[in-house]
Amino acid sequence: MLTDETVLNDNHYFATMAESKKGKGVELILPVVDVERVYNKFNSIYPNHIESEISARSWGKLDFRVVDPDGYYVRVTS
C-alpha cells in the first residue's frame, strides 16, 4: 500500500476504489540482491503478510511471496 485512502480527496481518481481490493489478480515480481536478508527483515516486521515461505524454486531462483493489504501478490526473488 503506497498511500492511505484517508488522505485522498473525494474527487481523486482512486477514491471510488476505496472499498475494493485494488490488487486483485496482480502479481508484482521484485528481484533483489540478497533475498534471504529481505525475507528476514520482512518476516520480523510483517510476518502475517507472508503467503509462502522462502524456498528454492525449480527454475533456479530463491523467493518468497507476500500479499499486501490491498491484495497485491508480491514475489520477492533472487
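On a predicted model such as this, the values are computed, not experimentally measured, just so you know.

### Some words on the pattern of salt bridges
For step 1, the next point in the chain: With the rule as written, the count across this model stands at three salt bridges.
For step 2, the next point in the chain: With a closest N to O distance of 3.0 Å, arginine 75 and glutamate 27 form a salt bridge. One end of the pair, arginine 75, is in strand β4 (residues 73-77); the other, glutamate 27, is in strand β1 (residues 27-31), with 48 residues separating them in the sequence.
For step 3, the next point in the chain: Taking the relative accessible area as the measure of exposure, arginine 75 reaches 16% and is therefore buried.
For step 4, the next point in the chain: Residue glutamate 27 is classed as partly exposed on the basis of its relative accessible area, which comes to 40%.
For step 5, the next point in the chain: Across the salt bridge formed by arginine 57 and aspartate 63, the nearest N and O atoms sit 2.6 Å from each other.
For step 6, the next point in the chain: Judged by relative accessible area, arginine 57 falls into the partly exposed class, the value being 22%.
For step 7, the next point in the chain: Judged by relative accessible area, aspartate 63 falls into the buried class, the value being 0%.
For step 8, the next point in the chain: The structure contains a network of salt bridges with shared partners spanning Arg57, Asp63 and Arg65.

What counts and what doesn't
Position numbers for residues count from 1 along each chain, tracking the sequence in the order it is written. Reporting in this predicted model follows two pLDDT cut-offs: at least 70 for local features of residues, and 80 or more for side-chain atom pairs to be given and counted; totals over whole chains, interfaces and linings ignore these cut-offs and use all residues. Computation of side-chain values: all heavy atoms of the structure, hydrogens and water removed. Salt bridges are identified by distance alone: a Lys or Arg side-chain nitrogen within 4 Å of an Asp or Glu carboxyl oxygen. Helix and strand definitions here come from DSSP, where helices need a minimum of 4 consecutive H or I residues and strands a minimum of 2 consecutive E residues; each element is numbered from the N-terminal end. Think of it in three bands: residues with accessible area under 20% of the maximum for their type are buried, residues over 50% are exposed, and the middle band is partly exposed, with areas taken using a 1.4 Å probe on protein chains only.

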